[in-house]
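Chain residues, written in single-letter form:
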Amino acid sequence: MIYLDYNATTPIDRTVVEAMLPYLYGNFGNPSSSHALGAAAKDAIEKARSQVAGLLNCSPSEIIFTSGGSESNNMAIKGVAFTYQHKGRHIITSKIEHPAVINPCRYLERLGYQISYLPVDQYGIIDPAGVEKLITDRTILVTVMHSNNETGALQPIGEISRICHKHHILLHTDASQSVGKVSVDVQKLGVDFLTMAGHKLYAPKGIGALYIRKGTDIEPLIHGAGHEGGRRAGTENIVYDVALGKACEIAAEALKSPAVKQLTDYFYQCLREKFKDRIHLNGHPEKRLPNTLNISFLGHSGQALLSRLDNIAASTGSACHSGLPTLSPVLKAMGVSLEVGLGAVRFSLGRYTTKAEIDTVMEKLGLII
Ligand SMILES: Cc1ncc(COP(=O)(O)O)c(C=O)c1O
């Protein structure tokens with residue numbers, strides 16, 4: 001299998017697995033216990049928290065471990081909505097968010113909150129000026145993703161944060177796709193909340209984190225005992241916390257290597273040379289995750305192409321509902337036509353992708369097309 005679907009999920013890094021093993025076997029203590037086994041477990045969690053904080057450039061006390069991107073998004077969005085509803089019930093988000101942001105927003109709409117959905121340009125990028133236009137004296141939160149999962153489009157979070165802070169509005173960003181692929185520094189971004197998902201950066205599925213800026217308290221999603229500083233109840237998932245910490249430590253080093261970007265650029269160059277104007281890049285030519293290529297093969301169906309690309313894993317930008325092909329909300333928001341959008345295939349490369357694999361994919365694509 002040639003795996004070009006790293007935006008869907010990543011394999012667990014071997015070093016991460018090795019870091020997890022001692023906590024699957026001998027070190028099974030409860031971090032809340034006062035004996036030595038408990039203390040060892042607590043030390044392991046706090047080390048992992050520091051590793052996550054190190055990657056995001058924040059203090060360990062600002063990191064909450066969660067079950068993944070979906071939970072972190074829900075915690076931030078509902079947490080702000082419930083805690084600050086006395087100030088207002090208006091939230092601004094975008095049309096290209098992952099369902100893990102869109103659906104908590106839809107839920108809040110059912111509770112009587114007002115949600116505004118920002119449009120994007122043809123490259124899938126939000127105009128920060130559009131955020132300012134939507135702000136009212138009832139706005140309590142802006143939630144805009146750091147990068148898009150389908151196109152890799154990087155959003156101007158720094159500019160959006162300056163606008164939010166000018167108006168004293170909290171800002172959350174879903175950086176599930178960005179952490180581990182590009183540098184993500186919460187100080188530079190100026191965000192109040194940031195979501196990350198472990199399985200997008202070579203840790204297991206079912207672990208993630210939420211950065212909560214010091215001094216911004218929100219109502220927890222899960223009430224119970226005082227775990228995670230009283231912000232998320234439940235005995236800690238030590239094995240997975242350790243895994244996320246290790247994955248972050250590795251990512252900090254891996255980010256220094258241009259290998260994935262070089263391979264993605266090579267792939268795009270091969271595609272352009274071979275198919276010329278018979279392909280179209282969905283997304284921005286530069287303001288994009290360095291591993292993501294969302295390519296429309298004009299006159300072809302992305303789904304049909306993928307089904308013929310034996311042993312190659314990638315994704316499409318369309319779905320088939322009751323026999324009718326439909327575009328993803330992301331491509332639709334970018335104004336991509338049905339004809340072009342149906343030919344879209346998302347290739348996302350990663351740490352283990354090789355040039356030989358790209359050459360094989362090019363060969364197979366050439367034969368099929
Ligand atoms: C942008 C984005 N946000 C959130 C999620 C959800 O993360 P998780 O699967 O860890 O709940 C994903 C996963 O695909 C994603 O791509």
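Parameters at a glance
Residues numbered from 1 in each chain as written. Predicted model: local features only at pLDDT ≥ 70, side-chain atom pairs only at ≥ 80, totals over all residues. Buried ≥ 20, exposed ≤ 12 C-beta atoms within 10 Å, placed from the backbone. Helix = DSSP H or I, 4+ residues; strand = E, 2+ residues; numbered from the N terminus. Arc of directions from axis to C-beta. Contact = placed C-beta atoms within 7 Å. Pairing = 2+ DSSP bridges. Axes fitted to C-alpha atoms, helices over the stretch in contact; angles between N-to-C directions. Core = buried A, V, L, I, M, F, W, Y, C linked by C-beta atoms within 7 Å. Domains from an automatic or database assignment.

(A) Main features of helix H6 (residues 157-166). Those residues of H6 not exposed but buried are Ile 157, Ile 160, Ser 161 and Cys 164. Buried residues of H6 fall within an arc of 100° about the axis and therefore sit on the same side. Elements that come into contact with the buried residues of H6 comprise helix H5 (128-134), strand E5 (139-143), strand E6 (170-174) and helix H7 (186-189). Positive phi appears at His 168, one or two residues downstream of H6, with a value of about 55°.

(B) Focus on the sheet that holds strand E15 (residues 344-348). The strand order E9-E10-E15-E12 describes an open sheet built from 4 strands, whose pairing is antiparallel. Of all strands in the sheet, those bounded by a partner on one side alone are strand E9 (279-281) and strand E12 (315-316). Here 2 bridges tie E12 to E15, and the two strands are oriented antiparallel to one another. Bridge pairing links Thr 316 to Val 345 in E15. Along the sheet, helix H10 (residues 259-275) contacts E9, strand E10 (292-297) and E15; its crossing angle with E10, the most-contacted strand, is approximately 15°.

(C) Structural detail: the nonpolar core. Ranked by size, the top nonpolar core spans 100 residues in total, and within it Ala 243, Leu 244 and Ala 247 carry the most contacts. For this core, the two domains that each supply at least three residues are domain 1 (2-8 + 257-368) and domain 2 (14-254). Residues contacting Ala 243, with those up to four places away along its chain left out, are Val 16, Ala 19, Met 20, Gly 198, Ala 203, Pro 204 and Ile 207.

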